[in-house]
Amino acid sequence: MKIFIDTANLDMIREINSWGVLDGVTTNPSLIAKEGTTTPARVREIAAIVDGPISAEAMSMDAESMIREGRELAAIHPSINVKLPMCVDALKATKVLSSEGIDVNMTLIFSPNQALLAAKAGARYVSPFVGRLDDIGSYGCDMLAQTVDVVRDYGFETEVIAASIRGPVHVMEAAAAGCHIATIPYDVLKQMVSHPKTDEGIKKFIADYEKSKR
Ligand code: G3P
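From a predicted model like this one, the values you see are computed outputs, not experimental measurements.

A. Just the overall build of the protein chain, in detail. Per the secondary structure count, the protein chain includes 11 helices and eight strands. Projecting the C-alpha coordinates of the protein chain onto the three principal axes gives extents of approximately 75 × 35 × 30 Å. When burial is assessed residue by residue, the protein chain has 48% of its 214 residues classed as buried. A separation threshold of at least 6 residues defines the contact pool for the protein chain, and within that pool the share at least 24 residues apart is 54%. Total accessible area on the protein chain stands at roughly 10900 Å², and carbon and sulfur atoms take up 54% of it. Across the protein chain, the centroid of the 22 positively charged side chains sits 5 Å from that of the 28 negatively charged ones.

This is the structure in structure tokens:
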């Protein structure tokens, strides 16, 4: 499973990139606003750091404007794909953009049916939101697994990005479901590294090594 980071913070991106595990980056308007910048400016900066796909969200709400904005975002750097929010206009825009070789990441996916439509329209990526479904008392991970099945069973080239990841268990579920990609917040990536038994083991090895030197 490829690992993307879900942030627009450059320090976090640099740090995870230095671990040697980073395959790409996703941003969204909320993450960009948190950094006090704009999407075009920030994705340009990210592209200078990371060698991999970067999602930049278009804010237009009708197909024609989505296509125009999508072309502008994609022109910033070859690594950039255009994030569109699932709706009829986004399907229409996806058809056009994908036929021009511009990758679309259809976001705000909450059902396998939405993913199926996005894949048929030519989306390169679909982003099912796991945590936000959990938030309303549904099983986000079940929806994620069904989405992967639909995309794989029908041989779409579309890749499933597990999004709205809230903890390490979501990452494990995404990997178990066979997701192509998980886009993971910085804090969750850090949690994935740690295990109390690892810390305990390191302490013991160091203590035994110190004793053996005496
Ligand atoms: O990038 C979209 C997604 O990952 C958002 O996550 O935690 O705001 O639901 P969250």
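Now that the structure has been shown, we can carry on.
B. Representation of the side chain of Thr-147 within the structure. Looking at where Thr-147 falls in the secondary structure, it is placed in helix H8 (residues 140–153). A polar contact of 2.7 Å, which involves the side chain of Thr-147, links it to the backbone oxygen of Met-143. In this view, Thr-147 contacts Ser-111, Pro-112, Ala-115, Val-126, Pro-128 and Val-160; residues no more than four positions away in its chain are not counted.

C. A look at the environment of Glu-64. Turning to its location among the elements, Glu-64 is positioned in helix H4 (residues 63–76). Judged by relative accessible area, Glu-64 falls into the exposed class, the value being 59%. The spatial distance from the C-alpha of Glu-64 to the C-alpha of Ala-93 is 7.0 Å, given a sequence separation of 29 residues.

D. Quick peek at the nonpolar core. If you look at the biggest cluster of nonpolar residues, it comprises 52 residues, and the most contacted ones within it are Ile-5, Val-25, Leu-84, Met-106 and Ile-184. The element that contributes the greatest number of residues to this core is H4, accounting for five residues.

E. Representation of the pairing of strand S4 (residues 80–85) in the model. Burial analysis of S4 places six of its six residues in the buried class, the great majority of the element. Burial of the side chains of S4 extends over both faces: Ile-80, Val-82 and Leu-84 are buried on one face and Asn-81, Lys-83 and Pro-85 on the other. Summarising the sheet, strand S3 (residues 54–57) and S4 pair through four bridges and their orientation is parallel. Looking at the pairing, Ser-55 lines up with Asn-81 of S4.

F. Summary view of helix H10 (residues 186–193). Every buried residue of H10 is accounted for by Tyr-186, Val-188 and Leu-189. Each buried residue of H10 lies within a common arc of 165° when the element is viewed along its axis, so the set occupies one face. Contact partners of the buried residues in H10: strand S1 (2–6), helix H1 (10–18), helix H9 (168–177) and strand S8 (181–184).

G. Broad picture of the packing of aromatic side chains. On inspection of all chains with the given rule, the structure shows one aromatic pair. One cation-aromatic arrangement involves Arg-124 over Tyr-125; the distance from NZ or CZ to the ring centre is 5.0 Å.

H. Structural view of the environment of Leu-73. In this fold, Leu-73 is placed in helix H4. In this structure Leu-73 comes out as buried when scored by relative accessible area, which is 5%. Sequence spacing of Leu-73 and Lys-83 is 10 residues, and the spatial spacing of their C-alpha atoms is 9.8 Å.

I. Seen up close, the sheet that holds S4. Ordered by their spatial adjacency, eight strands build a closed barrel running S1-S2-S3-S4-S5-S6-S7-S8, and the pairing between neighbours is parallel. Each strand of the sheet is rotated relative to its neighbour by a mean of 30°, with strand direction disregarded. Strand direction decides the pairing type here: S4 and strand S5 (residues 104–109), joined by four bridges, are parallel. Among the inter-strand pairings, Val-82 is bridged to a residue of S5, identified as Val-104. On top of the sheet, H8 reaches S5, strand S6 (125–128) and strand S7 (159–162); it is set at about 170° to S7, its chief contact.

Conventions adopted
- Residues numbered from 1 in each chain as written.
- Predicted model: local features only at pLDDT ≥ 70, side-chain atom pairs only at ≥ 80, totals over all residues.
- Heavy atoms only, no water.
- Helix = DSSP H or I, 4+ residues; strand = E, 2+ residues; numbered from the N terminus.
- Buried < 20%, exposed > 50% of the residue type's maximum accessible area, 1.4 Å probe, protein only.
- Contact = heavy atoms within 4.5 Å.
- Areas by Shrake-Rupley, 256 points an atom, 1.4 Å probe, with all protein chains shown as cover.
- Lys, Arg positive; Asp, Glu negative; His and termini not counted.
- Charge placed at Lys NZ, Arg CZ, Asp CG, Glu CD.
- Polar contact = N/O pair within 3.5 Å; in protein donor to acceptor, adjacent residues only side chain to side chain.
- Core = buried A, V, L, I, M, F, W, Y, C linked by side-chain atoms within 4.5 Å.
- Pairing = 2+ DSSP bridges.
- Arc of directions from axis to C-beta.
- Phe/Tyr/Trp six-rings, centres within 6.5 Å; stacked < 30°, edge-to-face > 60°.
- Lys NZ or Arg CZ within 6 Å of the ring centre and 35° of its normal.
- Axes fitted to C-alpha atoms, helices over the stretch in contact; angles between N-to-C directions.

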